[in-house]
Structures are given as structure tokens and as C-alpha cells.
Amino acid sequence: MVYRDFKGLSLSRLGMGNMRLPVIAGGKDKDIDYEKAQAIIDYAMSNGINYFDSAYVYHSGESERFAGKALKKYPRDSYYITTKYAFFANPDYKAVFKEQLERYQTDCIDFYLIHCLLDNNIEDYLTNGCIDFFLQMKKEGKIKYLGFSSHASLETLERFADHHQWDFAQIQLNYYDWNYSNAKKEYEILTERNIPVMVMESVRGGRLSSLTPEAEKLLKDCHPDWSVSSWAFRWLKRLPNVVVSLSGMSNLAQIEDNVATYADDRALTDEEEKLLFKACELFQTQLKVPCTACRYCCDGCPVEINIPEVLKVYNRFKIDGSNALGGLKKVETKGQPSDCVGCGACTGHCPQSIDVPAAMKELAEVLSK
């Protein structure tokens with residue numbers, strides 16, 4: 001494992017995200033498979049990963065509780081806890097923070113974030129007193145470093161970044177969003193302000209782990225022994241202000257591959273980056289819904305559609321046609337696309353602003369034929 005200095009700390013360049021932990025077969029998002037998830041944590045610890053990211057809302061609140069239990073077997077100074085306060089989940093920041101300390105069975109959170117900054121919640125975060133409270137917790141030693149994560153517009157990001165000198169920030173950063181969204185400018189905004197960057201959605205919720213056949217062939221012809229995912233992480237290694245790149249690893253195969261990628265500091269060369277961007281262009285023409293499987297859309301769905309998994313099938317349908325719709329039979333979901341009532345609750349919680357009802361309507365119409 002390779003490491004990056006952060007204010008005197010040595011942080012693993014690969015961080016373990018705890019938003020996509022394995023779930024018991026047939027269970028809901030909160031039903032974490034502790035045995036399988038513990039095996040992933042153990043592999044991470046034994047291979048030098050020391051940065052573990054979670055949030056108050058991940059796995060319906062069970063992620064923090066699991067992480068606290070899973071990491072308890074290791075010396076407290078051998079890992080760093082990262083978690084977040086989400087206004088949309090519970091505005092009472094004092095109660096949230098108290099509960100998080102209890103979930104983690106600790107008296108200190110190493111890296112703490114204001115969660116999911118958006119254009120429609122910045123005023124809530126700026127005016128409800130949470131920032132002053134967390135800064136006070138930092139003075140008392142209950143928080144070591146205070147930052148924020150953002151899915152906001154550039155203007156909102158700049159405004160929040162200028163509130164005070166934040167210790168770090170977390171943004172959605174990958175080669176796809178660098179080319180087709182605002183990731184490059186977001187990175188520059190933070191770098192100009194000397195705010196270190198932690199990366200979320202390194203492989204866009206797994207979307208960059210499996211490209212189109214044409215795009216993958218370009219990469220495999222260049223490096224047959226590299227996984228498609230590893231290209232994304234090796235590209236991130238090119239960015240000097242990136243400290244930790246998170247991966248929400250949900251099985252041992254994923255973490256084994258990622259650990260191998262971070263066995264050294266080997267980043268993409270300029271020529272390899274050009275090739276990756278060419279593959280990205282091929283891929284982009286066929287990517288229709290930029291879902292990252294964050295699952296913020298699921299809890300509020302009145303008909304309990306497993307939206308991220310259905311959207312995966314939708315993307316395959318847009319690429320491969322109606323033959324891909326058979327994949328819906330493999331999706332564990334109570335509600336079907338035809339059950340969607342078009343309430344828009346999902347889109348209201350989506351960091352990517354995906355028009356989920358439109359996708360469900362299109363799938364329902366195709367299936368009805």
C-alpha cells in the first residue's frame with residue numbers, strides 16, 4: 001500500500017467506502033452481511049488501508065454501527081474513522097454526533113464532514129449552527145479534521161469553500177466526470193484554496209468498472225493485465241491534490257484488485273491518459289443514465305423499487321436493446337417499473353438529478369409491448 005501525507009498523518013491512498021457493503025441475500029439495504037463485510041474490513045486492514053469512510057445515512061444507519069464493531073478488534077491508532085452529518089436525515093446535529101460516537105464506540109471522529117452539499121441545502125448548513133458546533137467539537141478534540149462533501153454547483157461550492165479554511169473536502173472525481181461534468185473545475189476550486197481532496201465515486205459507483213466492448217478493447221490492448229477499474233485509480237494518481245481515493249468495495253475480488261493497483265505509485269502516463277480519454281468518449285456515447293448507486297432514492301420510494309439496480313438494466317437496454325430487459329428478472333425489488341407513480345421523490349434526493357420517473361415510464365412502456 002502507498003500512502004500520502006496529510007498534515008503529518010500517513011493516509012492510505014486507497015480508502016474503504018462503507019456505503020456498498022454486502023447485504024444478506026433477500027434482505028434490505030440495512031441488512032449488512034456482517035461475516036462477509038468483516039472479511040473485507042480485515043483484508044483492508046491487513047493490506048494497509050487505514051481510511052474508512054461512512055455516513056449517518058449509509059445502509060439506513062447500519063453502516064456506522066457495523067464499522068464501529070468491525071474496527072473495534074484493531075488498535076484505535078491503526079485506522080482513521082470518517083463520517084458525516086446530513087441535514088436531510090436529521091437536522092439535530094448535536095443528537096446526530098452523540099449517536100455517531102456511540103455507534104463507533106469511540107470518543108473521537110478523525111475526519112468529519114458536512115454531508116452532500118447541494119444548492120438547495122447550503123442555507124440550512126450555513127444557518128442552523130452545525131458548523132460552529134463541529135468547529136467547537138474540533139477544539140475539544142472530539143473531531144480531528146473538519147471538511148465537507150459536495151454535489152453542488154460550482155458557485156455553491158465556491159461559496160461554501162470560502163466559509164473558513166476547511167481541513168479537506170470530498171468530491172465526485174473520476175475521468176468521466178473530468179471530461180463530461182464539472183469535476184475538473186471543482187478540483188481546481190479546492191486546489192486554489194489549498195483544500196486537500198478526498199475522492200468519492202472513483203469508478204462512478206462501479207459504472208467505470210465495465211465499459212462498452214469497444215472502449216474496453218482499447219484499454220485491454222494496451223495493458224491486458226490491468227483491470228478496467230484500475231485505469232480509473234491510476235488516472236487519479238496523476239492529481240497531486242488528491243490524498244485518498246475511496247472505493248465502496250462490496251466483495252473480496254474488488255478489494256484484492258484495488259489493493260494490487262495501490263501496491264505502488266504508478267500513475268498513467270500522458271499517452272495512457274489520452275488513450276483512456278478516447279475510451280471514455282466511446283463509452284460516453286452509450287451511457288444514458290449516470291447513476292452511481294448511492295441509494296439516496298430508495299428509502300422514499302412509495303412502491304419500493306430497487307431504483308439503482310433497475311437503472312443498471314435500463315442502461316444495458318439503451319446499449320443492447322430489448323434483449324437486456326431479461327436482467328430485470330434478476331433484480332431483487334418489490335416494486336416494478338410499471339408500479340412507479342411518478343411522485344419524483346427519487347429525483348429530489350438524487351445527487352445526479354436523474355429523471356427516474358421518465359426512465360421507469362420508458363421501461364414500463366417497452367415491457368408492456
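For the structure itself, consult the block above.
The shown structure was predicted, so the numbers you read here are calculated from the model rather than taken from an experiment.

(A) Just unusual backbone geometry, in detail. With a phi close to 55°, S60 is a non-glycine residue in the positive phi region. Assignment of secondary structure puts S60 in the loop between β4 (51–53) and α2 (62–71). Classification of S60 by relative accessible area gives partly exposed; the value is 38%. Non-glycine residue A293 carries a positive phi angle of around 60°.

(B) Inspection of the packing of helix α1 (residues 34–46) against helix α11 (residues 252–261) at higher detail. It is at 10 Å that the axes of α1 and α11 come closest, and there the two elements cross at 15°. As the angle between them shows, α1 and α11 are arranged roughly parallel. Like other packed secondary-structure pairs, α1 and α11 cross with a definite hand, here right-handed. Contacts from A39, I40, Y43 and A44 of α1 reach α11 at L252, I255, E256 and V259.

(C) Structural view of the pattern of salt bridges. Per the stated rule, a full pass over the model turns up 27 salt bridges. D167 is paired through a salt bridge with K138; the nearest N and O atoms lie 2.7 Å apart. You can see D167 sitting in the loop between α6 (154–161) and β8 (168–172) and its partner K138 sitting in helix α5 (residues 130–139), a full 29 residues away along the chain. A residue is classified by how much of its surface remains accessible, and K138, at 29% relative accessible area, is partly exposed. In this structure, E188 and K184 form a salt bridge, with 2.7 Å as the shortest nitrogen-oxygen distance. Residue E188 and its partner K184 are both found in helix α8 (residues 183–192); the two are separated by four residues, about one turn of the helix. The class for E188 is partly exposed, based on a relative accessible area of 27%. According to the relative accessible area criterion, K184 is partly exposed, its value standing at 37%.

(D) Seen up close, the layout of surface pockets. Quantified by volume, the second largest pocket comes out at close to 360 Å³. Lining the second largest pocket are 19 residues, and of these H151, A152, P351, Q352 and S353 lie nearest its centre. Only α8 and α14 (345–348) provide two or more residues apiece to the lining of the second largest pocket. Here the lining of the second largest pocket is built from residues that sort into five nonpolar, 10 polar and four charged.

(E) Structural detail: α6. Of all the positions in α6, only L154, T156, L157, F160 and A161 are classed as buried. In an axial view of α6, the angular spread of the buried residues amounts to 160°, which keeps them on one side of the axis. Structurally, α6 contributes buried residues whose contacts are with β6 (109–117), α4 (122–127), α5, β7 (143–150) and α8.

Here is what the cut-offs are and how they apply
- Counting restarts for each chain, with residues numbered from 1 along the sequence as it is written.
- In keeping with the model being predicted, local features are shown solely for residues with a pLDDT of at least 70 and side-chain atom pairs are shown and tallied solely at 80 or more, while totals for entire chains, interfaces and linings include all residues.
- The side-chain figures draw on all heavy atoms in the structure; neither hydrogens nor water molecules are used.
- Counting from the N terminus, the helices are DSSP H or I runs at least four residues long and the strands are E runs at least two residues long.
- Residue exposure (1.4 Å probe, protein chains only): buried if accessible area is under 20% of the type maximum, exposed if over 50%, otherwise partly exposed.
- Angles run from 0 to 180 degrees between N-to-C directions of axes, and those axes are lines fitted to C-alpha atoms, restricted for helices to the stretch in contact.
- Roughly parallel means an angle under 35 degrees; roughly antiparallel, over 145; roughly perpendicular, 65 to 115; everything else is oblique.
- Take the far helix as your reference; a near helix turned counterclockwise from it by less than a right angle gives a left-handed crossing, and one turned clockwise gives a right-handed crossing.
- Here a residue-residue contact requires only that any non-hydrogen atoms of the pair lie within 4.5 Å.
- The rule for a salt bridge is simple: a side-chain nitrogen of Lys or Arg has to be within 4 Å of a carboxyl oxygen of Asp or Glu.
- A 1.4 Å probe that fits but cannot get out identifies a cavity on a 1 Å grid over protein atoms alone, an open set with protein on both sides within 12 Å along at least five of seven lines counts as a pocket, and a residue lines either if it has an atom within 4 Å of a point.
- Grid points are joined across faces, edges and corners, and a volume is the space filled by probe spheres set on the points.
- Three residue categories are used. Nonpolar comprises Ala, Val, Leu, Ile, Met, Phe, Trp, Tyr, Cys and Pro, charged comprises Asp, Glu, Lys and Arg, and polar comprises the others, including Gly.
- Taking the helix axis as origin, the arc is that swept by the directions to the C-beta atoms.

In short, the description is geometric, and any link to function would need to be established separately.
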